Amino acid sequence: MAGSTGSLGSGGDRRVPIEAQSVDAPLTGSAVFLVLSVADDSASLDTVRSALADLDELAKTVAFRDLGAAFTCTVAIGARVWPGLVRRPLPTELHPFRVVQGAVHTAPSTPGDLLFHIRSDRRDLCFEFERLLLEQLGSAVSVVDETVGFRYFDARDLLGFVDGTANPVGLALPEATLVGDEDPDYAGGSYVVVQRYTHPIETWNALTTEQQEAVIGRRKADNVELDDAVEGQKSHKTLTTIVDDAGEEHDILRDNMPFGSPASGEFGTYFIGYSRQLWVIERMLERMFVGDPPGLHDRLLDFSVARTGSAFFAPSAGLLAALDDDPPAAGPAVAGDASGGVVAPGTPGTAGGSVAPSASDASSGSVAPVPPSASSGSVAPVTSAGSAEAPASAGPAASAAPSASAPAPAPAADSSLGLGSLRPPLSPERTTP
């Protein structure tokens, strides 16, 4: 079943590997976050397409060496390369990561066509899979970023706080992470945002425990949630809680991991968020960097510097396996540059900011705006020519009308949950973002 985390035999031994594209895989002791760019030629796209279609088989080859090590891999694809690689229209909300410009801190946008989220309780299995994968891809790709993460004590980040308590569990997990009927061609898929944060540990450790707890919004020792601020400076916990005007809270799934090297003095958190709707994570970042109200940014950013930022879409296992079966469609191999515009304070828009269009965009049409129910204004989408347009609708699923020459629609969604089924409550809420 697509998205299954695998069946268990007697004594808790897994009988089959966890299927590729399972965002609901359990928290593991090790992870690799591998971001790649794809060369702009048809032969490279063919190589990558073939490798992605066979990803589940490669994952099984590695996972069978130790079924109890919970090995799995999820791949997600960026907007720039989507048209040429997938040969279908963009998912409704997919666009390059937009720079979020606050008065003090900035969330940068960095390149990335493919994201591989490789997870296992054994570091050597992650290493072996990455080695075999890059061997298959060869010169068709180049490495943009590779970050190796590890589990730290009882799921804490390097700032000392438990990370992940508010992740959705049970039936709430697929509801929060998997696209549904709002974009039926891509049902079962998930939007993914990654950021690499570094921490000036000495500066953070100079704070008292009470000061640190006020920044995070939880007690450090036992992870108990503190009361929300009624006004003024809000905690990280409060700023990353997204509630729309109808009173509905929107969750995401975080699989953050610490990374670093004491010898080099590098300490950090790799943020990875899976969401049914990209605007939820974008709104979260706007509240952190621009502030709510604008000017009162998330104080965690004073101790967490965003170094990277990329957005992707992880297709369902069924769609991924069918990539190499479809005939090529007419159209450009890639869709433009990787810039997605800038979210800046000072004019009407989400979290008191607006999106300034870039010179070009990776979509072939308009970018879905943040719905008014989740923001204080509208975000003008960016066209492929770089000009801002009025949103096509008030909802989060606005997109350009298909042209007569548009590629054929994707096949029907998997009958299962696609990317994920039901995830046990193994991953507590991550603190960055």
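As the structure is a prediction and not an experimental result, all values here were calculated from the model.

1. Overview of the overall build of the protein chain
- A tally of regular secondary structure across the protein chain gives 10 helices and 16 strands.
- Taking all 433 residues of the protein chain together, 57% fall into the buried category.
- Taking the contacts inside the protein chain whose residues are at least 6 apart along the sequence as the reference set, 78% of them involve residues at least 24 apart.

2. Looking at helix α4 (residues 123-137)
- Here α4 contains 15 residues, and its C-alpha end-to-end distance of 21 Å stays within 8% of the 21 Å for a straight helix at 1.5 Å per residue.
- Leu 125, Cys 126, Glu 128, Phe 129, Glu 130, Leu 132, Leu 133 and Leu 137 are the residues of α4 that are buried.
- Each element contacted by the buried residues of α4 is listed here: β1 (30-38), α1 (42-53), α2 (55-63), β2 (72-77), β5 (114-120) and β6 (141-150).
- Just downstream of α4 lies Gly 138, where phi reads positive at about 55°.

3. Focus: the pattern of salt bridges
- Applying the stated rule across the entire model yields 22 salt bridges.
- The residue Asp 145 makes a salt bridge to Arg 196 at a minimum N-O spacing of 3.9 Å. Pair noted here: Asp 145 is in strand β6 and Arg 196 is in strand β7 (residues 190-198), with a separation of 51 residues, a long-range link. The pair Asp 145 / Arg 196 is uniform in exposure class, with both members buried.

4. Observations regarding the confidence of the model for the protein chain
- Residues with a pLDDT of 70 or more make up 72% of the protein chain, whose mean pLDDT is 80.
- In the predicted structure, residues 1-12 sits below a pLDDT of 50 and forms 36 contacts with residues beyond four places in sequence or in another chain.
- Every residue in residues 346-431 is under pLDDT 50, and counting partners more than four places away or in other chains gives 259 contacts.

5. Some words on the nonpolar core
- Within the largest apolar cluster, 63 residues are counted, with the highest numbers of intra-cluster contacts made by Val 48, Leu 52, Leu 85, Leu 114, Phe 116, Phe 129 and Phe 289.
- Here this core gets 8 residues from one element, more than from any other, and that element is helix α9 (residues 278-289).
- Ranked by size, the runner-up nonpolar core spans 18 residues in total, among them Val 23, Val 35, Leu 253 and Phe 312.

6. So, the packing of aromatic side chains
- Applying the stated rule across the entire model yields 10 aromatic pairs.
- Taken together, a centroid distance of 4.5 Å and an interplanar angle of 50° make the contact between Tyr 152 and Phe 153 tilted.
- Residue classification places Tyr 152 among the partly exposed residues on the basis of a relative accessible area of 29%.
- What links up through ring pairs into an aromatic cluster is the set Trp 82, Tyr 186, Tyr 191 and Phe 313.

7. Some words on the environment of Leu 94
- Looking at the element boundaries, Leu 94 is found in the loop between α3 (82-86) and β3 (99-101).
- The spacing of Leu 94 and Trp 279 is 185 residues in sequence and 9.8 Å in space, taken between C-alpha atoms.
- In contact with Leu 94, not counting residues within four places along its chain, are Ile 77, Gly 78, Ala 79, Trp 82, Tyr 191, Ala 311, Phe 312 and Phe 313.

8. Observations concerning the pairing of β5
- Judged by how many residues are buried, β5 sits mostly within the fold: 7 of 7 residues are covered.
- Pairing analysis gives 7 bridges linking β1 to β5, with the strands arranged antiparallel. Looking at β5, one finds that Leu 36 is bridged to Leu 114.
- Bridge analysis of β2 against β5 gives 6 bridges, and the strand direction is antiparallel. Residue pairing across strands places Val 75 opposite Phe 116, the latter belonging to β5.

What counts and how
- Residues numbered from 1 in each chain as written.
- Predicted model: local features only at pLDDT ≥ 70, side-chain atom pairs only at ≥ 80, totals over all residues.
- Heavy atoms only, no water.
- Helix = DSSP H or I, 4+ residues; strand = E, 2+ residues; numbered from the N terminus.
- Buried < 20%, exposed > 50% of the residue type's maximum accessible area, 1.4 Å probe, protein only.
- Contact = heavy atoms within 4.5 Å.
- Expected span 1.5 Å × (residues − 1).
- Salt bridge = Lys/Arg side-chain N within 4 Å of Asp/Glu carboxyl O.
- pLDDT = per-residue confidence, 0-100.
- Core = buried A, V, L, I, M, F, W, Y, C linked by side-chain atoms within 4.5 Å.
- Phe/Tyr/Trp six-rings, centres within 6.5 Å; stacked < 30°, edge-to-face > 60°.
- Pairing = 2+ DSSP bridges.

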